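# Fold and contact review
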Number of protein chains: 2
Amino acid sequence: MHYIGIDLGGTNVAAGLVDKEGKLLGEASIPTPQGAGAVADAIVQAAQKVAENAGIAMTEVESVGLAVPGTFDPKMGLVYRAVNLGLENVPLGSMVGQRLDLPVVLENDANAAALGEFVAGAGRGHSSLVAVTLGTGVGAGAILDGKLYVGFNYAALEAGHMVIRRGGRQCNCGRKGCWEAYASATGLIASTKEAMARHPESALWEMAPSFDKVTGKTPFDAAQAGDRVAKNVVDEYVEDLACGLINLINILQPEIITVSGGVSKQGEALLAPVQAILDREEMTRSTANRTQIQVAQLGSEAGTIGAALVPLYR
Amino acid sequence: MHYIGIDLGGTNVAAGLVDKEGKLLGEASIPTPQGAGAVADAIVQAAQKVAENAGIAMTEVESVGLAVPGTFDPKMGLVYRAVNLGLENVPLGSMVGQRLDLPVVLENDANAAALGEFVAGAGRGHSSLVAVTLGTGVGAGAILDGKLYVGFNYAALEAGHMVIRRGGRQCNCGRKGCWEAYASATGLIASTKEAMARHPESALWEMAPSFDKVTGKTPFDAAQAGDRVAKNVVDEYVEDLACGLINLINILQPEIITVSGGVSKQGEALLAPVQAILDREEMTRSTANRTQIQVAQLGSEAGTIGAALVPLYR
């Protein structure tokens, strides 16, 4: 049997068609339009196009999984709110399902990406995985004991909104000191700018002559070039990232945690110092069975593959 | 069928015999002796005695569950280390199992207590529960999607060792700023003494004329009596407790979290201000399905009931 997964992004409606092992047999992508009806149309088109690209008839497709960047009611197939798509109270599940004559299942985009990585990426052969994405925010999803873990209300794994510095930086969620406020690319950029403001002599100013030129890569590049101020920014970032990862390990003890997103492209320059802190602080540091930390293997296809397989892992 | 649960404590070997719904049909308790052989003897005696007290023949007993205050290998039935009992590398499972001619299953004591509360306490009728104990440390156990959650290495739910104040108080685990360092009774007592040292005028000195008289109750009593210094200690304690609870909710979204241990006897004086913070900060604060916070319903029998039922919930 075959499964279609759709990753509803702010820029593109990306589709993938997979078999039950998560093998990607075809892909398709359509620019995301404005308006609920147009979005539903685009999903239908993307689904038809991906089946065509894969050479699979729609009658051989079991279901469509929709990865949604927002809040939704999975039972009703209702999108409560997806800010980046301008959707509010849209019954996307039934709108798409009726036209394709297929069951449509909604899932959170971070959970879908975690499931993709679990089935077809770094998680292959493991029983549990937590996938952490370091982007504008810090997203996370978990597969525990072989099943997608969503909590009793489908709202679990908001790990970015775990406070690690009580009373610290204001987070969009209303709390202060959330992991996301420090460990996201946004948090890293904020820390870099703070350091630049305090240190006009830093080589950070050569890498980024103005604040709008600062990216998550800037402090790593400047640290690599020997700038002490940048090195401090990176060291603090590593401490914050490791702090949240150890919290997740001490609580969930998954076999593997994957890290994705722009910052994860630093690879060993990021993971080696993180691992050194884990080796010092983790509860299970002196035992044989420890959680592995790895960079995610899949790119954006994690979302479509995972969305497709949601019905099999709930 | 019937199940025996044994809670191996530093003071007593407590036993309970239950049916598969967790109904307690008999109890027994024996002072904890010194030495591995003597501990095994005491467990065998407690098991025989509880069956006798319940009027159930050992042939009608399915298994024995052992709640262990330490680290162990569940597959081998081997206790690696239980500091309070002076045990190290003791094959307690087989020592007890051979003599009783019954399968013996080992479980962490916090997990066993969580399972007891889930089946026979505040968790009845729910699909998931996290049980938090505020004692010398902060212990936790979780039942997720109806099953005891232990992680891939049986080391999960060390929620007390989640850092909420990075760089804060030194914790025994090696980290700084752990939830346990603030939210345990030990943490509350430490905060109270710090406040007393800074404020010789505080009424805390009337409640506890010397440091060794300070308990977890002292700051609550003094705050109730109108002492401002004590009120600040309690307010900070409530903030720290709520901070960790919200982290757990945002990550796990269980249907219910129970709080037990000496400090939980404050009841609404503790939970009402905690709830006010939850209402302000939780990710799901504006949704219909929110995690409930309650004081645990069971006392020490949670451990024996839970230990007995471990084989049914793994």
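In what follows, the accompanying structure is described.

About the thresholds
- Residues numbered from 1 in each chain as written.
- Chains lettered and ligands numbered in written order.
- Predicted model: local features only at pLDDT ≥ 70, side-chain atom pairs only at ≥ 80, totals over all residues.
- Heavy atoms only, no water.
- Helix = DSSP H or I, 4+ residues; strand = E, 2+ residues; numbered from the N terminus.
- Rg over C-alpha atoms; globule rule 2.2 N^0.38 Å.
- Buried < 20%, exposed > 50% of the residue type's maximum accessible area, 1.4 Å probe, protein only.
- Contact = heavy atoms within 4.5 Å.
- Areas by Shrake-Rupley, 256 points an atom, 1.4 Å probe, with all protein chains shown as cover.
- Lys, Arg positive; Asp, Glu negative; His and termini not counted.
- Charge placed at Lys NZ, Arg CZ, Asp CG, Glu CD.
- Pairing = 2+ DSSP bridges.
- Axes fitted to C-alpha atoms, helices over the stretch in contact; angles between N-to-C directions.
- Parallel < 35°, antiparallel > 145°, perpendicular 65-115°, else oblique.
- Left-handed = near helix turned anticlockwise from the far one by under 90°.
- Nonpolar A, V, L, I, M, F, W, Y, C, P; charged D, E, K, R; others polar.
- Phe/Tyr/Trp six-rings, centres within 6.5 Å; stacked < 30°, edge-to-face > 60°.
- Lys NZ or Arg CZ within 6 Å of the ring centre and 35° of its normal.
- Least-squares fit on C-alpha atoms with pLDDT ≥ 70 in both.
- Salt bridge = Lys/Arg side-chain N within 4 Å of Asp/Glu carboxyl O.
- Buried area = accessible area lost by both parts, 1.4 Å probe.
- Polar contact = N/O pair within 3.5 Å; in protein donor to acceptor, adjacent residues only side chain to side chain.

What chain A contains, in helices and strands, is 10 helices and 13 strands. Here the C-alpha radius of gyration of chain A, 20 Å, is about what a compact globule of 314 residues would show, namely 20 Å. Projecting the C-alpha coordinates of chain A onto the three principal axes gives extents of approximately 65 × 45 × 35 Å. Within chain A, the fraction of its 314 residues that count as buried is 57%. When contacts within chain A are restricted to residue pairs at least 6 apart in sequence, those whose partners lie at least 24 apart make up 60%. When the accessible surface of chain A is summed, it comes to about 12500 Å², and 49% of that surface belongs to carbon and sulfur atoms. Of note, chain A has its 24 positive side-chain charges centred 5 Å away from the centre of its 33 negative side-chain charges.

Turning our attention to the sheet that holds strand β2 (residues 12-19) of chain B. Residues and elements named next belong to chain B. What the five strands build is an open sheet, ordered β3-β2-β1-β4-β8; its pairing is mixed. Every interior strand has two partners, whereas the edge strands, β3 (24-31) and β8 (104-108), have only one. The average undirected angle you get between the axes of adjacent strands in this sheet is 20°. Where strand β4 (residues 61-68) meets β8, five bridges bridge the pair, whose relative direction is parallel. In the sheet register, V68 faces β8, and the bridge partner there is N108. Seen against the sheet, helix α1 (residues 36-54) touches β1 (2-8), β2, β3 and β4 and runs at an angle of roughly 145° to β3.

Residues and elements named next belong to chain A. Between helix α1 (residues 36-54) and helix α2 (residues 92-100), the shortest axis-to-axis distance is 10 Å and the interhelical angle comes to 45°. In terms of axis orientation, α1 runs oblique to α2. As α1 runs across α2, the sense of the crossing is right-handed. When α1 is examined against α2, the residues A36, G37, V39, A40, D41, I43, V44, A47 and Q48 are found in contact with a partner set consisting of L92, M95, V96, R99 and L100. Among the residues forming the contact of α1 with α2, the class breakdown is 10 nonpolar, two polar and two charged.

With that settled, consider the packing of aromatic side chains. All names here are of chain A. Going through the model one piece at a time under the given rule, you end up with six aromatic pairs over all chains. When the ring of F118 is compared with that of Y313, the centres are 6.2 Å apart and the planes differ by 85°; the resulting orientation is edge-to-face. Here F118 is found in helix α3 (residues 109-120), whereas its partner Y313 is found in the segment after α10 (301-309), with 195 residues between them in sequence. Ring geometry for W205 and F211: centres 5.6 Å apart, planes at 15°, overall stacked. Across from the ring centre of Y182, 4.3 Å away, lies the NZ or CZ of R165, which sits over that ring.

Attention shifts here to the relation of the copies chain B and chain A. Rotating chain B by 180° and translating it 0.0 Å along the rotation axis places it on chain A, where the RMSD comes to 0.0 Å. The two molecules are tied by a two-fold rotation axis, judged by turn and shift. The overlap is high: 100% of the interface residues of chain B also sit at the interface in chain A, so the same surface is used on both sides.

A few words on the sheet that holds strand β12 (residues 256-260) of chain A. Residues and elements named next belong to chain A. Taken in spatial order, the five strands of this open sheet run β11-β10-β9-β12-β13, and their pairing is mixed. The open sheet has two edge strands with one neighbour each: β11 (147-149) and β13 (292-295). The sheet shows a mean angle of 25° between the axes of neighbouring strands, direction not considered. Examined bridge by bridge, strand β9 (residues 129-134) and strand β10 (residues 138-144) share six bridges and lie antiparallel to one another. Paired with L134 across the strands is V138, a residue of β10.

Residues and elements named next belong to chain B. For helix α10 (residues 301-309), the tally of buried residues reaches eight of nine residues, placing the bulk of the element in the interior. For α10, every residue scored as buried is listed here: A302, G303, T304, I305, G306, A307, A308 and L309. Among the structural elements, β1, β2, β3, β4 and α3 (109-120) are those in contact with the buried residues of α10.

To continue, consider the pattern of salt bridges. Overall, the coordinates contain 32 salt bridges over all chains when judged by the stated rule. Salt bridges here are not isolated pairs; linked through shared partners, they connect R165, E236, E239, D240 and R280 of chain A together with R166 of chain B.

With that settled, the discussion passes to the environment of G141 of chain B. All names here are of chain B. Take G141: it is sitting in strand β10 (residues 138-144). With relative accessibility at 0%, the residue G141 sits in the buried group. In sequence terms G141 and A131 are 10 residues apart; their C-alpha atoms lie 5.4 Å from each other. For G141, the residues in contact, after removing those within four places along its chain, are A110, N111, A114, L129, V130, A131 and L157.

All names here are of chain B. Note on placement: S210 falls in the loop between α6 (204-207) and α7 (218-224). Overall, S210 belongs to the partly exposed group, its relative accessible area being 27%. Counting along the chain gives 91 residues from S210 to E301, while the straight-line C-alpha distance between them is 34 Å.

This next bit is on unusual backbone geometry. Its identity as a non-glycine residue notwithstanding, N89 of chain A has a phi of 50°, on the positive side. Take N89 of chain A: it is sitting in strand β7 (residues 87-90). With a phi angle near 50°, D145 of chain B is a residue other than glycine that sits in the positive phi range. With respect to the helices and strands, the residue D145 of chain B is situated in the loop between β10 and β11 (147-149). Classification of D145 of chain B as exposed rests on a relative accessible area of 52%.

What follows is about the interface of chain B and chain A. Interface size is often expressed as the accessible area that is lost when the parts come together. Counting residues at the interface gives 41 residues for chain B and 41 residues for chain A. Taken over both partners, the interface formed by chain B and chain A buries close to 3600 Å², and the fraction arising from carbon and sulfur atoms is 55%. Of all residues in chain B, F152, R166 and I251 of chain B give up the largest surface area on contact with chain A, accounting jointly for 24% of the area buried on that side. Inspection of the region where chain B meets chain A yields eight salt bridges. In this structure, R166 of chain B and D240 of chain A form a salt bridge, with 2.7 Å as the shortest nitrogen-oxygen distance. The interface formed by chain B and chain A holds 32 residue pairs in polar contact (both at pLDDT 80 or more) in total.

Note that every value here comes from positions in space, so none of it alone points to a role or purpose.
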